[in-house]
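A closer look at the structure
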Amino acid sequence: MTPDDFAAAIRTIPDYPKPGILFRDITTLLGDPRAFRAAVDELVQPWAGAKIDKVAGIEARGFILGGAVAHQLSAGFVPIRKKGKLPHQTVRMAYVLEYGQDEMEMHVDAVAPGERVLLVDDLVATGGTAVGAVKLLRAMGARVEAACFIVDLPDLGGADKIRAMDVPVRTLVAFSGH
């Protein structure tokens, strides 16, 4: 599939969650078996045959994509969640949102030092969540090999912030605007 094909599979919802925002809803892509398979295949392709130990998915759509990517790579899966959602001992990292701050966490034993990890989520906008996730994984000793997203909103600069951390970024389609 081409970037235009992926774009066509993604629903755009105007004025959600607030006026002036064009929400890029990947649930339509997930519901299309051909588009979903193609997206996972494209996210996996650069690392097929490489030794990736874990795939970390950011709550919640990153769980769907990350689980599929981990399966294809025969890697483990690490959920990165909002604070207070994981049942075992966790490690936590604050991250910056567009209007404020929040915290994410993962289990303390989710990654071992030196493990090669791919970070996966549905969309990169301002990059705050993904930058926080990279910092969290690195704090536990993981080697973050890349960050993978279906959608990039390049006008918001998030992918550039991740690249500035020496983490390659893979995206399948870019939409201008917010």
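Residues numbered from 1 in each chain as written. Predicted model: local features only at pLDDT ≥ 70, side-chain atom pairs only at ≥ 80, totals over all residues. Heavy atoms only, no water.

Here we look at the sheet that holds strand 4 (residues 76-82)
The condition is simple: When DSSP finds two or more bridges between two strands, those strands count as paired. Helix numbering and strand numbering both begin at the N terminus, where a helix is a DSSP run of H or I of at least 4 residues and a strand a DSSP run of E of at least 2. Here, axes are lines fitted to C-alpha atoms. For helices the fit covers the stretch in contact, and angles between N-to-C directions go from 0 to 180 degrees. Any two residues whose heavy atoms approach within 4.5 Å are treated as being in contact.
Sheet architecture is open: seven strands sit in the order 5-6-4-3-7-8-9, paired in mixed fashion. The open sheet has two edge strands with one neighbour each: strand 5 (90-97) and strand 9 (169-174). Taking the axes of each pair of neighbouring strands and ignoring which way they run, one obtains an average angle of 20 degrees across the sheet. Pairing geometry for strand 4 and strand 6 (residues 100-107), over two bridges, is antiparallel. When the sheet's bridge partners are listed, Lys82 is paired in strand 6 with Met104. Contacting strand 3 (54-58), strand 4, strand 7 (116-124) and strand 8 (143-152), helix 4 (residues 61-73) crosses the sheet at an angle of about 140 degrees to strand 7. Running over the sheet, helix 5 (residues 128-139) touches strand 3, strand 4, strand 5, strand 6, strand 7 and strand 8 and is turned about 150 degrees from strand 5.

Focus on the pairing of strand 9
This is how the line gets drawn: If you view a crossover with the strands going away from you and the path from the first strand over the helix to the second runs clockwise, you call it right-handed.
With five bridges joining them, strand 8 and strand 9 adopt parallel strand pairing. Pairing of Ala147 across the sheet is with Val169, part of strand 9. Following the chain from strand 8 across helix 6 (residues 158-163) to the adjacent parallel strand 9, one finds a crossover that is right-handed.

Some thoughts on helix 5
Formally: Given a helix with a known number of residues, its expected span is that number minus one, times 1.5 Å. Any residue under 20% of the maximum accessible area for its type is buried, any over 50% is exposed, and the rest in between are partly exposed; the area is computed with a 1.4 Å probe on protein chains only.
For helix 5, with twelve residues, the first-to-last C-alpha span of 16 Å sits near the 16 Å given by 1.5 Å per residue. Turning to helix 5, its buried residues number three or more, namely Gly128, Ala130, Val131, Gly132, Ala133, Val134, Leu136 and Leu137.

A word on the packing of helix 3 (residues 33-44) against helix 4
Where we set the bar: An angle counts as roughly parallel when it lies under 35 degrees, as roughly antiparallel when it exceeds 145, as roughly perpendicular when it falls between 65 and 115, and as oblique in every other case. Note on convention: the crossing is left-handed when the near helix lies turned anticlockwise from the far helix by less than a right angle, right-handed when the turn is clockwise. Lys, Arg, Asp and Glu make up the charged group, whereas Ala, Val, Leu, Ile, Met, Phe, Trp, Tyr, Cys and Pro make up the nonpolar group; the residues left over, Gly among them, are polar.
Between helix 3 and helix 4, the least distance of the axes is 10 Å, while the angle of their chain directions is 60 degrees. Here helix 4 runs oblique to helix 3, going by the angle between their axes. Between helix 3 and helix 4 lies a crossing whose hand is right-handed. Where helix 3 abuts helix 4, its residues Phe36, Arg37, Val40, Asp41, Leu43 and Val44 lie against Ile64, Leu65, Ala68, Val69, Gln72 and Leu73. Residues belonging to the contact of helix 3 with helix 4 are distributed by class as follows: nine nonpolar, one polar and two charged.

A short note on the environment of Val167
In this fold, Val167 is placed in the loop between helix 6 and strand 9. Considered as a pair, Val167 and Leu119 are 48 residues apart in the sequence and their alpha carbons are 9.8 Å apart. Leave out the neighbours within four places in its chain, and Val167 touches Val134, Arg138, Val144, Ala146, Ala147 and Ile162.

As far as function goes, none of this settles anything; it's purely spatial.
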